[in-house]
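Residue-level structure breakdown
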Amino acid sequence: MSRKMIEAGKWTAPGREKCQPGGVLAVLKAGIAGLARSRAGVMAVEFALYCPVFLIVIGGLVDYGMAIFDKMELVGAVRSGAQLALADSSDTTAIRQAVVDASGIDISLSNVTTTTFCECADTSTITCGDTCGDGSVNHYLMTVTATYTYAPMLLPSGICCSLTGTTTVRTQ
């Protein structure tokens, strides 16, 4: 700055504006108006608005993927129990325990059921030991079912899903 401007009082040090009536208010008004026109920080505000929505969507996708993974674990465990039923369908406790052991999720024997039933060649259900109407031999089948209550990360527990895995095999 030139010496003439300083001596004439047209220049002041930053932060030391002249104290004239309305001087401080005018400075505040100018500062607020400058902020309103400024584009600095717009991306930060947009990020702050979009980030929670983005995180909820990503969390939902992860949660859905985990539920699908648990369903695959459950179906795989039920298939293991069905394979044991092919060898010995009379020991239902061992079949149910095989399902629990093969599962990578937290299920117990009370979550696993086995059901034995009979069908004719035309897939009509009959009482085991009876003969079919067409004289054919009835087939013994076993259904192994396991259920699991999935607890999602984002929703409160108890709101969501009961997962079920079922496999039916012919035992005789």
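Residues numbered from 1 in each chain as written. Predicted model: local features only at pLDDT ≥ 70, side-chain atom pairs only at ≥ 80, totals over all residues. Heavy atoms only, no water.

1. A short note on the nonpolar core
Test applied: Put simply, a nonpolar core is a bunch of buried Ala, Val, Leu, Ile, Met, Phe, Trp, Tyr and Cys residues held in one set by side-chain atoms that sit within 4.5 Å of each other. Partly exposed residues are those whose accessible area sits between 20% and 50% of the maximum for their type, while under 20% is buried and over 50% is exposed, using a 1.4 Å probe and protein chains only. Note on contacts: a residue pair is in contact if any heavy atoms of the two residues lie within 4.5 Å.
In this structure, Leu-74, Val-99, Ile-107, Val-112, Val-144, Ala-146 and Tyr-148 are the most contacted members of the largest nonpolar core, which totals 19 residues. If we skip the residues at most four places from it in the chain, Val-144 touches Val-78, Gly-81, Ala-82, Ile-95, Val-99, Val-112, Thr-113, Thr-114, Gly-165, Thr-166 and Thr-167.

2. Examining the state of the cysteines
As a reminder of what qualifies: The term disulfide is used for any two cysteine sulfur atoms that are within 2.5 Å. The helix and strand labels rest on DSSP assignments: H or I over at least four residues marks a helix, E over at least two residues marks a strand, and numbering proceeds from the N terminus.
Summed over all chains, the structure comprises two disulfides. Paired through a disulfide, Cys-118 and Cys-128 show a sulfur-sulfur distance of 2.0 Å. Taking the sign of the S-S torsion, about 110° here, the bridge from Cys-118 to Cys-128 comes out right-handed. Taken together, the positions of Cys-118 in strand β1 (residues 112-119) and Cys-128 in the loop between β2 (125-126) and β3 (139-149) put the pair ten residues apart, joining distant regions of the chain. Take Cys-118: its relative accessible area is 0%, and that puts it in the buried class. Judged by its relative accessible area of 33%, Cys-128 is partly exposed. Residue pairing for Cys-120: its cysteine sulfur links by disulfide to Cys-132, the two sulfurs lying 2.2 Å apart. Between Cys-120 and Cys-132, the disulfide has an S-S torsion of -105° and is therefore left-handed. Residue Cys-120 is located in the loop between β1 and β2, and its partner Cys-132 is located in the loop between β2 and β3; the two are separated by twelve residues in the primary sequence.

3. Regarding the environment of Ala-102
Mapped onto the fold, Ala-102 is located in helix α4 (residues 92-102). Classification of Ala-102 as partly exposed rests on a relative accessible area of 36%. When the C-alpha atoms of Ala-102 and Gly-81 are compared, they prove to be 8.2 Å apart, with 21 residues separating the residues in sequence. Not counting residues up to four positions away in its chain, the partners in contact with Ala-102 are Ala-77 and Ser-80.

4. Digging into the confidence of the model for the chain
Cut-off, in case you're wondering: The pLDDT score gives, residue by residue, the confidence of the prediction method on a 0 to 100 scale.
Taken residue by residue, the chain gives an average pLDDT of 81. The fraction at 70 or more is 81%. The weakest mean pLDDT in the chain belongs to helix α1 (residues 3-8) at 53; the strongest belongs to α4 at 92.

5. A short note on α4
Along α4, the positions that sit buried rather than exposed are Ile-95, Ala-98, Val-99 and Val-100. Buried residues belonging to α4 abut α3 (42-87), β1 and β3.

6. Considering the sheet that holds β3
Rules: We treat two strands as partners when DSSP finds at least two bridges between them. Every axis corresponds to a line fitted to the C-alpha atoms, with the helix fit spanning only the stretch in contact, and the corresponding angles, defined between N-to-C directions, vary from 0 to 180 degrees.
Strands sit in the order β2-β1-β3-β4 across an open sheet of four strands; the sheet is antiparallel. In this open sheet, the two edge strands, each paired with only one partner strand, are β2 and β4 (162-170). Looking at chain direction, β1 and β2 are connected through two bridges and run antiparallel. If you follow Cys-118 over to β2, its bridge partner there is Ile-126. Contacts from α3 reach β3 and β4 within the one sheet, and its direction differs from that of β4 by about 25°. Along the sheet, α4 contacts β1 and β3; its crossing angle with β1, the most-contacted strand, is approximately 130°.

7. Remarks on a nonpolar patch on the surface
Worth spelling out the cut-off: A patch consists of residues exposed above 30% relative accessible area that lack any salt bridge, with like charges linked at up to 9 Å and nonpolar side chains (Val, Leu, Ile, Met, Phe, Trp, Tyr) linked at up to 5 Å. Using the Shrake-Rupley algorithm and a 1.4 Å probe, accessible areas are obtained, with residue cover drawn only from the displayed protein chains. By definition, a salt bridge exists where a carboxyl oxygen of Asp or Glu is found within 4 Å of a side-chain nitrogen of Lys or Arg.
A contiguous nonpolar patch, built from Val-53, Phe-54, Leu-55, Ile-56, Val-57, Ile-58, Leu-61, Val-62, Met-66, Met-153 and Leu-154 and spanning about 1,100 Å² of accessible area, is present on the exposed surface. With respect to the element layout, Phe-54 can be found in helix α3.

8. Here's the deal with the side chain of Asn-138
The condition is simple: By the criterion applied in these results, polar contacts are pairs of N or O atoms within 3.5 Å in which, for protein atoms, one can donate a hydrogen and the other can accept it, and in which residues neighboring in sequence qualify only through two side-chain atoms.
Its place among the elements puts Asn-138 in the loop between β2 and β3. Residue classification places Asn-138 among the buried residues on the basis of a relative accessible area of 10%. A distance of 2.9 Å separates the side chain of Asn-138 from the backbone oxygen of Asp-130, its partner in a polar contact. Those residues in contact with Asn-138 that lie beyond four places of it in its chain are Cys-118, Glu-119, Ile-126, Thr-127, Cys-128, Gly-129, Asp-130 and Cys-132.

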